[in-house]
Amino acid sequence: MRYLYAVLLIVVPLSGQAELRVFSCEPEWAALAEEIGGDLVDAYSATTALQDPHYIQARPSLIAKVRRANLVVCSGAQLEIGWLPALLQKANNRNVRPGSRGFMEASSFVLRIDVTGNVDRAQGDIHPLGNPHVQTDPHNVAAIADALAERMAELDSENASVYESRHQDFAARWQTAISDWETRATPLRGMRAITHHKSWVYLERWLGIEEVENLEAVPGLPPSATHLSKLTREFADGGADVIIRSPYQDEKPSKWLEERTGITAVVLPLSVGGTDGATDLFGLFDEIVNRLLGAAQ
Ligand SMILES: [Zn+2]
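Parameters at a glance
- Residues numbered from 1 in each chain as written.
- Predicted model: local features only at pLDDT ≥ 70, side-chain atom pairs only at ≥ 80, totals over all residues.
- Heavy atoms only, no water.
- Helix = DSSP H or I, 4+ residues; strand = E, 2+ residues; numbered from the N terminus.
- Rg over C-alpha atoms; globule rule 2.2 N^0.38 Å.
- Buried < 20%, exposed > 50% of the residue type's maximum accessible area, 1.4 Å probe, protein only.
- Pairing = 2+ DSSP bridges.
- Axes fitted to C-alpha atoms, helices over the stretch in contact; angles between N-to-C directions.
- Parallel < 35°, antiparallel > 145°, perpendicular 65-115°, else oblique.
- Contact = heavy atoms within 4.5 Å.
- Nonpolar A, V, L, I, M, F, W, Y, C, P; charged D, E, K, R; others polar.

Within the chain one finds 10 helices and 8 strands. Taking 2.2 N^0.38 as the reference for a compact globule, 297 residues should give roughly 19 Å; the C-alpha atoms of the chain span a radius of gyration of 20 Å, in line with that estimate. In terms of overall dimensions, the chain has C-alpha extents of about 60 × 50 × 30 Å along its principal axes. Buried residues in the chain amount to 51% of all 297 residues.

Let us now look at the sheet that holds strand β6 (residues 210–214). Strand order in this open sheet of 4 strands is β6-β5-β7-β8, and the pairing throughout is parallel. Two strands close off the open sheet at either side, each with one partner strand: β6 and β8 (264–267). The sheet shows a mean angle of 30° between the axes of neighbouring strands, taken without regard to direction. Pairing analysis gives 4 bridges linking strand β5 (residues 192–195) to β6, with the strands arranged parallel. Directly across from T195, in β6, lies its bridge partner N214.

A few words on the packing of helix α5 (residues 138–155) against helix α6 (residues 160–184). The angle between the axes and the distance between the axes are what describe a pair of packed helices. With their axes 10 Å apart at the nearest point, α5 and α6 run at an angle of 180° to one another. Put simply, α5 runs roughly antiparallel to α6. Only A160, Y163, E164, H167, F170, W174, Q175, I178, W181 and E182 of α6 make contact with α5, whose side of the interface consists of P138, H139, V141, A142, A145, D146, A149, M152 and A153. Broken down by class, the residue content of the contact of α5 with α6 amounts to 13 nonpolar, 3 polar and 3 charged.

Another aspect to go through is the sheet that holds strand β1 (residues 20–24). Strand order in the open sheet formed by 4 strands is β2-β1-β3-β4, and the pairing between neighbours is parallel. Strands at the two margins of the open sheet, each flanked by one partner only, are β2 (41–45) and β4 (103–105). Pairwise comparison of adjacent strand axes, ignoring direction, gives a mean angle of 20° for this sheet. One ladder, built from 3 bridges, connects strand β3 (residues 71–74) with β4; its direction is parallel. Within the sheet, the bridge partner assigned to C74 lies in β4 and is E105.

As structure tokens, then:
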């Protein structure tokens, strides 16, 4: 009975309406806003983990969502350069304009890897402002959670104490989870990885994995037959332990290389919802670590 009462308290919101409408470019930031805001937020993600966040259409339903948003959270560092500027312009919501308090570039709260400053896009999708795929290191997620909680409390100041206490609770559970992942991932140290796209540089730095090659010869362009043949020769006698791709990437290049070299190909979720077990941020890293450990055996 007491249990039932507790459950009712959790599922029945005190007020009917969420206080903050969060529009996120990627599922991980919507999930993080929900961790911090609970029922106070209505979080929506423009992309799912089964879509490539570099390329989507600025469709009318997304424009309507941005128009009503109190806060827009995106990875940034030009990850969404192909669609977010158009979306913001068409939505014409001054509260979420870049530079305003209602716009948050998640990757600006961490130290970005591979900042080249080179804006020549002839070499492909090179991410001159640094690698934007920052969510693959849970320490980055912790830093972004701090900034997001602060921003949410500022935008919905009446509920500031709720955001603060929920954030503290999340941060404590997150630190415990990080220690657990780091302990379990010890055997992955020194693992040599071939990745489809440069999506995993933060994960690799975190766990001590060495990236030896990419399936994409030019970042952002599909792996070419010439490049794959070259990799087959290069890794015919070892030199790599795993081939990593995300669920939205074509499986053929990974499989092709796996068949010819015997190197295990594995799918890692790049965000919440990418695989069945990645139901939330905790599940996301459980899945990543488990799948890599499975491939290492
Ligand atoms: Zn990228």
